[in-house]
Amino acid sequence: MMNAYFITEKDFKNFVSAMVQSLTVIGPVAKRKKFVFAKLESAEDLRLDYDVTLLPPKKEFFPPSQDMVRFEKDKYEGCISPQEKILLGVHFYDIKAIDMTDRLFREKNEDWNYLANREAATIIGSNIQTISERAFWGTVGKDVPPKGHDGFITKINGGYVYETRGDKGEALVKFGSFAKATDAQVKEARAVNENVMGKCPEKLNRSSKEIAEKVRKAFSKEAFWEALAEDCFSCGSCNIVCPTCYCFDVQDNWNLDQVSGARTRYWDACLTEDFAKVSLGGGATENFREERAERFRHRIMRKASYLNEKLGGPACVGCGRCSAACTSDIADPVNVINKIMEA
Amino acid sequence: MAKAKVAFFDFTCCEGCQIEMTNFGDAAFLELLNHVEIVEFREVMSEKTKEPIDIALVEGSFTREADRKRLEEIRNRAKIVIAYGACAATGGVNALKNHMTDYKEDVYGKDAGMPHLDSQKALPISAAIKVDYCVYGCPMDKYELLRILSHLLHDKEPVIPNYPVCVECKRNGTICRYQEGDHCIGQVARAGCGAPCPADGIPCEACRGFVDKPNEKALKKVLIEKAKFSEKRAESKSRIFSANLRSDAQ
Ligand code: SF4
Ligand code: SF4
Ligand code: SF4
Ligand code: SF4
Ligand code: SF4
C-alpha cells in the first residue's frame with residue numbers, strides 16, 4: 001500500500017504532538033550545535049532541519065551496549081524485549097544503512113537481539129534540508145534505492161508530503177489532518193529529493209562496481225596503506241559512528257552477589273589494535289591484523305569491496321560521519337577511494 | 001567458594017584511590033565482604049599479618065629504592081598482585097618530575113635537603129616486582145576494581161581494554177572536544193573509564209595511561225594543527241599522567 005498525503009506546516013506540528021503523546025517517538029534533536037536521535041518530549045524538539053546526527057539511528061535497535069542473557073546460578077533467560085517505537089526523520093542514507101544491517105543480522109544465524117527491536121520499529125524518513133560538511137551520499141551507491149522504511153516525509157511549499165509504504169506507515173495517518181496529496185505536490189516532493197543529490201560537498205567520481213574492483217586490486221599496495229594510516233590512532237571512531245558497522249564484542253559480568261550477572265554485547269571497532277586478536281588456547285594469542293595499516297585497509301575493503309557482493313552495493317552510504325569523527329582526518333572514504341581510482 | 005584473603009598496601013600516593021573505595025557505599029562494600037576477607041588495610045584497621053594472601057592490592061608508586069624490600073615481601077606472600085590507581089600502575093602524576101632535576105628545590109624550597117623528602121624517579125611498582133593486573137586511572141575506577149576482583153574470584157581472566165577512550169566516548173554519543181574547538185588526548189588514552197571527562201565537556205588527560213601502542217607523533221600533530229597548541233605544549237601534553245609511558249621516558 002503506497003499512498004501520498006499532504007499536511008500543512010501548522011497541522012504537521014499537531015501531528016507530531018499527537019504521536020508524541022501516545023507513542024514513543026525518536027527523532028533528530030539538537031545537542032548544542034550538533035544533532036542526536038533521541039526520544040521526543042514535545043513536537044518542538046524535532047529538528048527536521050538537522051544535517052547529520054552524531055550516532056546513526058541503528059542504536060535504536062542495536063544499542064552501544066545490550067544485555068543478551070541474564071543469569072543467576074544455573075538459571076538464565078534471554079533479554080529480548082522489543083519496545084515499539086517510531087523513528088521519525090531518518091535521512092535516506094541512514095535508511096539504506098538500516099536496510100543493510102537488517103540483511104546482515106538476518107543472514108545465516110538470525111540475530112533476534114537486533115531483529116526483534118527492528119521489527120517493533122516504524123521508520124519514517126525525511127528529506128535532507130541541511131547538508132553536512134563531509135557528506136557524499138549523492139554519489140555513492142547511486143543504483144541502490146532506499147528501502148525497508150515505512151513512510152517518507154518531504155518538506156514542500158506550505159507543508160509536507162507524506163508518502164506511506166505499507167501498513168505501519170499508514171497507521172500513523174490517523175494522528176494528523178492529512179489530505180490526499182495532489183499530483184503536483186507529489187511531483188514537487190520528488191524534485192526536492194532529486195535536487196539535493198547534486199549538492200554534496202564531496203563526490204566519488206566512479207561507479208560502485210568500478211570502485212569495488214579497483215579498490216580490491218589495491219590490496220597489496222602496502223606502502224600506499226602504510227602512508228595513509230601513518231596518523232591513525234587505532235581509535236575506532238570511524239567504526240563506532242558508522243551506520244553500516246555491525247561488529248560487537250561479548251562479555252560476561254557478575255553482579256556484586258557473584259552468582260547473578262549478565263552477558264552483554266558492546267559495539268566493537270576493527271581499527272582497534274586487539275580487534276583481530278584470537279585465542280590459540282593455553283593463554284596463547286594470535287593477532288591476524290596486527291599492523292594499523294592492515295586495519296585501516298580492512299575497513300576500506302569492507303566498505304568499498306567485500307560487502308558489495310552480499311549487499312549489491314557498497315557498505316558505505318556516504319554519511320560522512322567517519323570523516324568528521326576522525327581527529328587525524330584520514331578516515332574519509334572519498335579521499336582514500338579517489339586516490340585509488342586516480343592512481 | 002572459600003573467601004579470598006585480600007590485603008591493601010600503599011606507597012607513594014595521595015591515598016585517593018583508597019578514598020575511592022569508600023565511595024562504594026556501605027551496602028556494596030558489605031556485599032563485597034561476603035566474598036573476600038580483608039586481612040590488612042591500614043586506612044581502616046590496625047591488624048598486620050605475615051600470612052600468605054590471595055590478592056595483594058598495591059597503591060602508590062615506587063619512588064625510593066628503600067621500598068623495594070617491602071614490595072618484594074608483598075610479592076612473596078601474595079598469589080596475585082594488583083597495582084591499583086595510576087601511581088602504582090604507571091607512576092601516574094608522580095612521574096611528572098622524572099624529566100626534571102630541580103623538582104625538590106622547586107617544591108620544598110629550603111627544606112629540600114631533609115632526609116625524609118628524599119626520593120628517586122617515580123616508577124610503577126612493576127619496576128620492582130611482577131604485577132599481575134592493573135586498575136588504571138587517577139583515581140582508579142572502583143567498578144573496574146570490582147570487575148577484576150569478580151573475574152578473579154570466578155577464575156576468569158579479567159578483560160582490560162587496550163583501545164582508546166574515543167571508543168567509549170563515541171559510544172556515548174558525546175560531541176568530540178575537537179568539534180568544539182578544544183583539545184583532547186583520548187585518542188592515545190586507555191579506555192575503561194567510560195569516557196566521563198569529554199561527556200562533561202572537558203578533555204581527556206589520559207589519567208588511565210596509554211594504550212599499548214599510542215601514536216604519539218600523530219597526537220602531537222593533531223594538537224598543533226587542530227587544537228592550535230604551540231609545539232612545546234603539544235610535545236609535553238601527555239606527560240601529566242603518562243610520563244613513564246612516553247617514548248622519551250627517562
Ligand atoms: S582512521 Fe581516524 S577515526 Fe579511524 S581509527 Fe584511525 S584515527 Fe581513529
Ligand atoms: S564509512 Fe563513513 S561515510 Fe561511509 S557509511 Fe560509514 S561513517 Fe558513513
Ligand atoms: S592514582 Fe591518583 S588518586 Fe590514586 S593514589 Fe595516585 S594520585 Fe591519588
Ligand atoms: S573527545 Fe577526546 S576521547 Fe572523545 S572522541 Fe574526541 S578525542 Fe576521542
Ligand atoms: S576520560 Fe581520560 S582523563 Fe577522564 S577518566 Fe577517562 S582516561 Fe581519565
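Residues numbered from 1 in each chain as written. Chains lettered and ligands numbered in written order. Predicted model: local features only at pLDDT ≥ 70, side-chain atom pairs only at ≥ 80, totals over all residues. Heavy atoms only, no water.

A.B. asks: Which residues make up the interface of chain B and chain A, and what values do they have?
C.D. replies: The interface is formed by 37 residues belonging to chain B together with 34 residues belonging to chain A. Between chain B and chain A, a total of about 3,200 Å² is buried, with carbon and sulfur atoms accounting for 56% of that surface. Looking only at chain B, the three residues that lose the most surface to chain A are Lys170, Arg171 and Ile175 of chain B, adding up to 20% of its buried area. On inspection of chain B and its partner chain A, the count reaches four salt bridges. We note a salt bridge from Glu180 of chain B to Arg32 of chain A, for which the minimum N-O separation is 2.9 Å. Taken together, the connections running from chain B to chain A amount to 19 residue pairs in polar contact (both at pLDDT 80 or more). Counting only elements with at least two residues in the side of chain B that touches chain A, the list comes to helix 2 (26–33), helix 6 (142–153), helix 7 (165–171) and helix 9 (216–225) of chain B. For the side of chain B that touches chain A, the per-class residue count stands at 15 nonpolar, 10 polar and 12 charged. (Contact = heavy atoms within 4.5 Å. Buried area = accessible area lost by both parts, 1.4 Å probe. Salt bridge = Lys/Arg side-chain N within 4 Å of Asp/Glu carboxyl O. Polar contact = N/O pair within 3.5 Å; in protein donor to acceptor, adjacent residues only side chain to side chain. Helix = DSSP H or I, 4+ residues; strand = E, 2+ residues; numbered from the N terminus. Nonpolar A, V, L, I, M, F, W, Y, C, P; charged D, E, K, R; others polar.)

A.B. asks: Please provide a residue-by-residue account of the side chain of Thr164 of chain A, values included.
C.D. replies: Residue and element names in this part refer to chain A. Tracing the chain through its elements places Thr164 in strand 9 (residues 159–165). Since its relative accessible area comes to 1%, Thr164 is described here as buried. Of the polar contacts made by the side chain of Thr164, one reaches the side chain of Glu170; its length is 2.7 Å. (Buried < 20%, exposed > 50% of the residue type's maximum accessible area, 1.4 Å probe, protein only.)

A.B. asks: Any chance you could break down the domain arrangement of chain A for me, citing the residues and the numbers?
C.D. replies: Accessible area lost upon the coming together of the parts is a frequently used measure of interface size. Residues and elements named next belong to chain A. Each domain of chain A was delimited in the assignment, giving domain 1 (4–198) and domain 2 (208–342). Averaged C-alpha coordinates put domain 1 and domain 2 at centres separated by 26 Å. With 43 residues of domain 1 in contact, the opposing surface of domain 2 contributes 41 residues. Each partner contributes to the roughly 3,500 Å² buried at the junction of domain 1 and domain 2, and carbon and sulfur atoms together form 62% of this total. Contact with domain 2 buries area across many residues of domain 1, yet Phe71, Arg134 and Phe136 alone supply 21% of it, more than any other trio. (Domains from an automatic or database assignment.)

A.B. asks: An account of the site of ligand 5 is requested, with residue identities and associated values reported.
C.D. replies: For ligand 5, the full set of nearby residues is Val165, Cys193, Cys197, Pro198, Cys204, Glu205, Ala206, Cys207 and Arg208 of chain B. Considered class by class, the residues forming the shell around ligand 5 number seven nonpolar, no polar and two charged. (Near = heavy atom within 4 Å.)

A.B. asks: Could you give an account of the confidence of the model for chain B, naming the residues involved and the relevant values?
C.D. replies: Mean pLDDT for chain B: 92, with 97% of residues reaching 70 or above. Two summary scores accompany this predicted model of the complex, namely pTM at 0.96 and ipTM at 0.96. (pLDDT = per-residue confidence, 0-100.)

A.B. asks: Please set out the pattern of salt bridges residue by residue, giving values where relevant.
C.D. replies: By the definition in use, this model includes 41 salt bridges over all chains. Taking the shortest distance from any N to any O, the salt bridge between Arg263 of chain A and Asp252 of chain A comes out at 2.7 Å. One end of the pair, Arg263 of chain A, is in strand 12 (residues 260–267); the other, Asp252 of chain A, is in strand 11 (residues 248–254), and 11 residues separate them in sequence. With a relative accessible area of 39%, Arg263 of chain A lands in the partly exposed category. Overall, the relative accessible area of 26% leaves Asp252 of chain A in the partly exposed class. What emerges from the salt-bridge pattern is a single network uniting Lys220, Glu231, Glu235, Arg239, Arg246 and Asp248 of chain B.

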